Amino acid sequence: MTIGVLAAAIYLVIALTIGQREPPQSHLFTLAMIVGVTAAAAYASHVRQQREQALADVRSVAETTQKVLLRPIPHRLGGLDIDALYLAAAAQARVGGDFYEALETAHGVRLIIGDVRGKGLPAVGMASAIVSCFREAAYEEPDLARLARRLDVSASRYTTLVPGDHLEGFATALLVEIPPDGSAVQIVNCGHPPPLLFRAGAVREVTPTAPSPPIIMGALLGENYHIDTVRFAAEDHLLLYTDGVTETRDHTGAFFPLVKHAGRWDVDAPSRLLKQLHRDLVHYSRGRLDDDIAAIAVRAVATTTSAA
């Protein structure tokens, strides 16, 4: 705007001094062009500022939502070393349908990681409902099977309270409990990618011995939640992750070979494990992630098992 006014003033000075030979119509036309361009530029600047403000507001809401839904996990919880990773597929989006939480309860450290099938605010709402229920029920329910059943009921009730037919999806989830003695880990896999267990330089998938229904599908498939128990010795690591990890593609469309890459990692701390996962994902996809990614790494420290 200022530049346009200055340009018009300069032209008037030129027209009144050295441009008197030109007809008045020519000067009026030039001034009109300057005013028109200035007005268009001012309007475009106004629209851009409005869009930048709207984007800033959206980012602020997203960041607030992330702080509630994906709050920072303590690096030490119940004698375990823990770290978490979250990567949004879109640069402007700070949170999506992936969720996780870790709590220290009387039953031991309980963790959840999951992924709501869907996008946008409906997926965020469903994820928030599941995490909110977990934060309360994890302290009360005596075992993971009853905890999973309660999450299913809570998520089903949430869908009935939200109008519209955009919540017909479901959520996969992984529930983990590490008792206070730290000698074993209990897992309920509700249709989620299996976690990885790192032990003595080897890595393997902890696949469920029996299927459990995804969250919100218990009434349809039957509320049969199966608990698997796996030994969790000192210096063992457990990696929980969402399907955004294994569904990351390279330039040829091939999926990310997680177990193959994990076998080459230096597994000495949860934070280092997640850094290597992040590095390999970015390198494999050439920095173009197509889905949100969440992961939690847990290490059993020597003092926990020794106390047992």
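Everything here concerns the structure above.
**Quick notes on the overall build of the chain**
Logical step 1: Within the chain, the regular secondary structure consists of nine helices and eleven strands.
Logical step 2: When each of the 308 residues of the chain is scored for burial, the buried share is 44%.
Logical step 3: Total accessible area computed for the chain in this model is approximately 15900 Å², and 58% of it derives from carbon and sulfur atoms.

**Regarding the pattern of salt bridges**
Logical step 1: Applying the stated rule across the entire model yields 17 salt bridges.
Logical step 2: Between Glu 101 and Arg 135 there is a salt bridge whose closest N-O contact spans 2.5 Å. Of this pair, Glu 101 sits in strand 3 (residues 98-105) while Arg 135 sits in helix 3 (residues 120-137); the two residues are 34 residues apart in sequence, bridging distant segments of the chain.
Logical step 3: Given a relative accessible area of 0%, Glu 101 falls into the buried group.
Logical step 4: Here Asp 280 ties to Arg 279 by a salt bridge, and the two come within 2.9 Å at their closest N and O atoms.
Logical step 5: With relative accessibility at 10%, the residue Asp 280 sits in the buried group.
Logical step 6: On the accessibility criterion, Arg 279 (48% relative accessible area) is partly exposed.

**Some thoughts on the pairing of strand 9 (residues 228-231)**
Logical step 1: What you see with strand 9 is a clean split: Asp 228 and Val 230 sit on the buried side and Thr 229 and Arg 231 on the side with no burial.
Logical step 2: As judged from the four bridges shared by strand 6 (residues 184-190) and strand 9, these two strands associate in the antiparallel manner. In the strand pairing of strand 9, Ile 187 is matched with Asp 228.

**Describing helix 4 (residues 144-161)**
Logical step 1: With 18 residues, helix 4 extends 26 Å between its outermost C-alpha atoms, agreeing within 8% with the 26 Å of an ideal straight helix rising 1.5 Å per residue.
Logical step 2: Of all the residues in helix 4, the buried ones are Leu 144, Ala 145, Leu 147, Ala 148, Leu 151, Asp 152, Ala 155 and Thr 159. Taken end-on, helix 4 shows its buried residues confined to a sector of 160 degrees, consistent with a single buried face. In helix 4, the exposed positions that point more than 90 degrees away from the buried face belong to Arg 157, Thr 160 and Leu 161.

**Let's talk about the sheet that holds strand 4 (residues 108-116)**
Logical step 1: Strand order in the open sheet made by the five strands is 3-4-5-6-9, with antiparallel pairing throughout. Looking at which strands have only one partner, the edges of the open sheet turn out to be strand 3 and strand 9. With direction set aside, neighbouring strand axes in the sheet form an average angle of 20 degrees.
Logical step 2: Where strand 4 meets strand 5 (residues 171-178), eight bridges bridge the pair, whose relative direction is antiparallel.

**A word on helix 8 (residues 270-285)**
Logical step 1: Helix length check: helix 8, at 16 residues, gives a terminal C-alpha distance of 23 Å against a target of 22 Å (1.5 Å per residue), a fit within 8%.
Logical step 2: If you check which residues of helix 8 are buried, you get Pro 270, Leu 273, Leu 274, Gln 276, Leu 277, Asp 280, Leu 281, Tyr 284 and Ser 285. Around the axis of helix 8, the buried residues are gathered within 160 degrees of arc, so they sit on the same side. Those residues of helix 8 that are exposed and angled more than 90 degrees off the buried face are Lys 275 and His 283.
Logical step 3: In this fold, the buried residues of helix 8 make contact with strand 2 (80-87), strand 7 (196-199), strand 10 (237-241), helix 6 (243-246), helix 7 (258-262) and strand 11 (293-300).
Logical step 4: Immediately beyond the C-terminal end of helix 8, within one or two residues, lies Arg 286, with a positive phi of roughly 60 degrees.

**Let's talk about the environment of Met 126**
Logical step 1: By the element assignment, Met 126 lies in helix 3.
Logical step 2: The class of Met 126 is buried, set by a relative accessible area of 4%.
Logical step 3: For the pair formed by Met 126 and Phe 170, sequence separation is 44 residues and the distance between their alpha carbons is 8.8 Å.
Logical step 4: Once residues within four sequence positions are removed from consideration, Met 126 is found in contact with Val 116, Ala 155, Tyr 158, Thr 159 and Ile 216.

**Things to note about unusual backbone geometry**
Logical step 1: Phi angles above zero are rare outside glycine, and Ala 200 is one such case at about 50 degrees.
Logical step 2: One non-glycine residue with positive phi stands out, namely Glu 235, at about 70 degrees.
Logical step 3: Here Glu 235 shows up in the loop between strand 9 and strand 10.

Reading the values: the criteria
Residues numbered from 1 in each chain as written. Predicted model: local features only at pLDDT ≥ 70, side-chain atom pairs only at ≥ 80, totals over all residues. Heavy atoms only, no water. Helix = DSSP H or I, 4+ residues; strand = E, 2+ residues; numbered from the N terminus. Buried < 20%, exposed > 50% of the residue type's maximum accessible area, 1.4 Å probe, protein only. Areas by Shrake-Rupley, 256 points an atom, 1.4 Å probe, with all protein chains shown as cover. Salt bridge = Lys/Arg side-chain N within 4 Å of Asp/Glu carboxyl O. Pairing = 2+ DSSP bridges. Expected span 1.5 Å × (residues − 1). Arc of directions from axis to C-beta. Axes fitted to C-alpha atoms, helices over the stretch in contact; angles between N-to-C directions. Contact = heavy atoms within 4.5 Å.

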